[in-house]
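What follows is each chain in one-letter form.
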Amino acid sequence: MHYLSFTWNPSEGIDLGFFMIRYYSLMFVVAFTLGWILTKKIYEREKLPQEKLDSLFIYMVVAVLVGARLGHVIFYQPELFVQDPLSVFLPIQTVPEFEFTGFQGLASHGAAIAIVIAMYYYSKKVIQKPILWILDRIIIAVAAGGVFVRIGNFMNSEIIGKPSGDFPLGVRFVHEGIRKQEAVQATGIQDPAKAYDAIVHNPQFAELLNSVPFRHPAQLYEAAGYVIVFLVCWYLYWKTERRKQIGYIFGVFLILLFMVRFLVEFVKESQGGFESLLGLLSTGQWLSVPFIIAGIYIMWKASKKPIVELN
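Calculation criteria
Here the residue numbers are simple positions, counted from 1 along each chain's written sequence. Totals for whole chains, interfaces and linings use every residue, but because this is a predicted model, local features are given only for residues with pLDDT of at least 70 and side-chain atom pairs only at 80 or more, for both listing and counting. For the side-chain quantities, the full set of heavy atoms in the structure was used; hydrogens and water were omitted. UniProt positions are given in the numbering used here, feature names are shortened, and annotations may be inferred rather than shown by experiment. Any two strands are treated as partners once DSSP identifies two or more bridges connecting them. Numbered from the N terminus, helices here are DSSP runs of H or I no shorter than four residues, and strands are runs of E no shorter than two. Buried Ala, Val, Leu, Ile, Met, Phe, Trp, Tyr and Cys residues that are joined via side-chain atoms within 4.5 Å together make up what is termed a nonpolar core. Exposed residues in this analysis have more than 50% of their type's maximum accessible area, buried residues have under 20%, and partly exposed residues fall in between, with area computed by a 1.4 Å probe over protein chains only. Contacts are assigned to residue pairs that have any heavy atoms within 4.5 Å of one another. Charged-residue counts in this description rest on Lys and Arg as positive and Asp and Glu as negative, His and the chain ends being excluded. Note on definitions: salt bridges are taken to be side-chain nitrogens of Lys or Arg within 4 Å of carboxyl oxygens of Asp or Glu. The definition of a polar contact used here is a pair of N or O atoms within 3.5 Å, where within protein one atom must be able to donate a hydrogen and the other to accept one, and adjacent residues in sequence count solely through side-chain atom pairs. Paired rings are identified among Phe, Tyr and Trp, the last through its six-membered ring, by centres lying within 6.5 Å, and are further divided according to the angle between planes into stacked (under 30 degrees), edge-to-face (over 60) and tilted (the rest).

- You'll find the protein chain entered in an unreviewed UniProt entry as Phosphatidylglycerol--prolipoprotein diacylglyceryl transferase, with Aequorivita aquimaris given as the organism.
- One UniProt comment on the protein chain, placed under Function (unreviewed entry), says "Catalyzes the transfer of the diacylglyceryl group from phosphatidylglycerol to the sulfhydryl group of the N-terminal cysteine of a prolipoprotein, the first step in the formation of mature lipoproteins."
- If you open the UniProt record of the protein chain and go to Subcellular location (unreviewed entry), you find "Cell membrane".

Set out below in structure tokens:
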């Protein structure tokens, strides 16, 4: 039944000898670069100067990275503030031992909150336009960037799905199912990358490999959903007059993006958080509900406004 399934055993990144470019970090670079290109086109259409775009880029990078990291720690791992405070903002962990982890553990809900806060200040201090005006435009880049961030999660074998059973699109995440130390001990190979390769390709370790279940590639499901969100928002801005109803596109974005997040949570492994206190839904789903409601309200309010030019 697993005829479309495959085993996922990626390298950590591009090894330059003196430095490792991790794929997750590379996906963030792609996301920010693509976002800059898309927003530049929008600013050119709106006849806004380049320096305002440069300021926006700085605001967005800081908001996304800080907000996403704080969101993850606050909503999913608040114990880090006490147990390993350096890991909250640095790409390392010091407990139980020091390890360079790269930037990981980022929550989209935290990024969304931080972006709104940052855009409030940007709209007041830099662009002098309503906050919903700028949110209508930057969410096109945000949706596109989200696609690559989730691909980065897939490369990292993190935010995995639940076991897929006989579902034909399952993925066997070897790095998640077998920890580095376990792979080294089982194979006797000290290099973790070579140890994983031996487990995947050497029939001697077939039993260990088969102990890793096939799972839903939840990261790819979410990335595919974000492609749809991007296309819808792009179409509304470039092909319709909805951009002149301030807040409409942003409302649509909130509804679609967090509906994608809500639905994918059904096949995603629990990431912890406060879901055990509330029950019924996962932490990610509980956090998505307010954004969906806010999106419906913002879109409804905007749809009642007349279509007018805003200079």
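1. Looking at the sheet that holds strand β1 (residues 6-8)
And then number 1: Strand order in the open sheet made by the 3 strands is β1-β6-β7, with mixed pairing throughout. Both outer strands of the open sheet, β1 and β7 (214-215), are each paired with one neighbouring strand and no more.
And then number 2: In this structure, β1 lies alongside strand β6 (residues 171-173), joined through 3 bridges in parallel fashion. Looking across to β6, one finds that Thr7 is bridged to Arg172.

2. A word on the nonpolar core
The nonpolar side chains of a soluble globular protein tend to be buried with one another.
And then number 1: By size, the foremost hydrophobic cluster in this structure holds 58 residues, and its most contacted members are Tyr43, Leu56, Met119 and Phe253.
And then number 2: Counting only elements with at least two residues in this core, the list comes to α1 (23-45), α2 (50-75), α5 (108-127), α6 (131-155), α11 (218-239), α12 (248-264) and α14 (283-303).
And then number 3: The element best represented in this core is α12, accounting for 11 residues.
And then number 4: If we ignore the near neighbours within four places in the chain, the residues touching Tyr43 are Leu48, Pro49, Lys52, Leu53, Leu56, Tyr122, Ile127 and Ile134.
And then number 5: If you look at the next biggest cluster of nonpolar residues, it comprises 11 residues, including Ile178, Ala183, Ala195 and Leu208.

3. Side note on the side chain of Asp136
And then number 1: As for its position among the elements, Asp136 is in helix α6.
And then number 2: Buried within the structure, Asp136 lacks any salt-bridge partner; its nearest side chain of opposite charge belongs to Arg137, at an N-O separation of 4.3 Å.
And then number 3: A distance of 2.8 Å separates a polar side-chain atom of Asp136 from the backbone nitrogen of Phe250.
And then number 4: Ignoring anything within four residues of it in the chain, the contact list for Asp136 reads Gln245, Ile246, Gly247, Tyr248, Ile249 and Phe250.

4. A look at the UniProt feature "binding site: a 1,2-diacyl-sn-glycero-3-phospho-(1'-sn-glycerol)" (unreviewed entry) in the protein chain
And then number 1: The feature "binding site: a 1,2-diacyl-sn-glycero-3-phospho-(1'-sn-glycerol)" (unreviewed entry), as given by UniProt, occupies Arg150 in the numbering adopted here.
And then number 2: Of note, Arg150 is situated in helix α6.
And then number 3: Accessibility expressed as a relative area gives 5% for Arg150, which makes it buried.
And then number 4: Not counting the four nearest positions on each side in its chain, Arg150 is found in contact with Ser108, Ile159, Gln219, Glu222, Ala223, Tyr226 and Arg261.

5. Concerning the packing of aromatic side chains
The relative placement of two aromatic rings is captured by the distance of their centres and the angle of their planes.
And then number 1: On inspection of all chains with the given rule, the structure shows 14 aromatic pairs.
And then number 2: Aromatic side chains Phe28 and Phe32 sit 6.1 Å apart centroid to centroid with 45° between the ring planes, which places their arrangement in the tilted category. With Phe28 and Phe32 both in helix α1 and 4 residues apart, this pair spans about one turn of that helix.
And then number 3: Relative accessible area serves as the criterion here: at 11%, Phe28 is assigned to the buried category.
And then number 4: Classification of Phe32 by relative accessible area gives buried; the value is 19%.
And then number 5: Ring centres of Tyr59 and Tyr122 lie 5.5 Å apart, and the angle between their planes is 70°; this geometry places the pair in the edge-to-face category.

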